[in-house]
Amino acid sequence: MKSLRLHLAALLFVPALAACAAKPKVEEPPPTVPGYEAVQDAEWLIPAVDPKYLVDGNTKSIVPYTAGDAPGTIVVDVYSRKLYLVQDDGTAVRYGIAVGREGTSFRGNGYIGRKAEWPSWTPTANMIRTRPDLYAEYAGGLPGGLENPLGARALYLYRGGRDTMFRIHGTIDPASIGRATSAGCIRLFNQDILDLYTRVGPGAQVKVRTEAESLAVDGAWMDDAWGRIVPATPENVAQKEKDLVAIAEFEAKEADRIARETEEQRRADEKAERARLRKCHNQGIADENCPLPAEIALEAAG
């Protein structure tokens, strides 16, 4: 009977709390950058790109292009982490990219042999063998969608009529753009791969620059302290050194704070344990029969 009364009281109390609660605060949607707003594509709503990922060089832009590649060519530079679509007026559409391990394994020329909207993805045998905990469940393939690592579109690079396994595709991880990543080929923001996809057709030529070609055309680049690609200028080198020192100091302070809080919690737990056993001793209860805090709370609730 007591349990039933408590249950009914709880049911009556919840609406009362709801009636007295403050009106929920309506959060303003984050600002969006033109060209990177949310996009409804087929049945999927592609989220807007957070402006913090749209740093200089990561966004789509029209830039002068004098490298001599033919109009319509896709030029991939894994060193500056840029992709260019050469135009016929001395310019190129430049996109920021993320470069995975597979993206650095191809050099030279190829062509787009296949295009796919919301492509399916199947991990390679090597990926499954080395990380079965991550990839084994997808051995049969993962259908296209917002959880698929190939994103909204994929361009498949062929050479001599054969698939090279080199892909230019979207991403579900916008934070990766401008960075070197552990896996994958060439990733663009989903909004950018949608744009590139409409501009090129099957047969479009693809050139992947060598390091020497990259240095000659785009100059030297480097990772900053957070792994973002930036020009390798003396100023950026000096800034990276300062940032690495600041990051190390912050991590040391965080480690000290966590160690201190862990020690404080350990002491508090030991104090509570001594108090529990002392109470049982005072009541003549042996240590092995002394109820644990969870058991005491359950008994009190019942």
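These numbers come from a predicted model, not from an experiment. (Residues numbered from 1 in each chain as written. Predicted model: local features only at pLDDT ≥ 70, side-chain atom pairs only at ≥ 80, totals over all residues. Heavy atoms only, no water.)

Novice: What exactly am I supposed to notice about the environment of glutamine 87 here?
Specialist: Here glutamine 87 shows up in the loop between strand S5 (82-86) and strand S6 (91-96). When the C-alpha positions of glutamine 87 and isoleucine 62 are compared, they lie 9.4 Å apart, and in sequence the two are 25 residues distant. Not counting the four nearest positions on each side in its chain, glutamine 87 is found in contact with Pro71, Ala92, Val93 and Arg199. At a separation of 3.1 Å, a polar atom in the side chain of glutamine 87 contacts the main-chain carbonyl oxygen of leucine 85. (Helix = DSSP H or I, 4+ residues; strand = E, 2+ residues; numbered from the N terminus. Contact = heavy atoms within 4.5 Å. Polar contact = N/O pair within 3.5 Å; in protein donor to acceptor, adjacent residues only side chain to side chain.)

Novice: Would you mind showing me how to read the packing of aromatic side chains here?
Specialist: Going through the model one piece at a time under the given rule, you end up with 6 aromatic pairs. The interplanar angle of 75° and the centroid separation of 5.6 Å between the aromatic rings of tyrosine 36 and phenylalanine 189 together place this pair among those described as edge-to-face. One end of the pair, tyrosine 36, is in the loop between helix H1 (2-20) and strand S1 (39-41); the other, phenylalanine 189, is in the loop between strand S11 (186-187) and helix H4 (190-199), with 153 residues separating them in the sequence. Both residues of the pair, tyrosine 36 and phenylalanine 189, belong to the buried class. (Phe/Tyr/Trp six-rings, centres within 6.5 Å; stacked < 30°, edge-to-face > 60°. Buried < 20%, exposed > 50% of the residue type's maximum accessible area, 1.4 Å probe, protein only.)

Novice: I keep staring at unusual backbone geometry and nothing clicks. Help me out?
Specialist: In most cases, non-glycine residues show a negative phi, while peptide bonds are predominantly trans. One non-glycine residue with positive phi stands out, namely arginine 81, at about 55°. Mapped onto the fold, arginine 81 is located in the loop between strand S4 (74-77) and S5. You can call arginine 81 buried: its relative accessible area is 9%.

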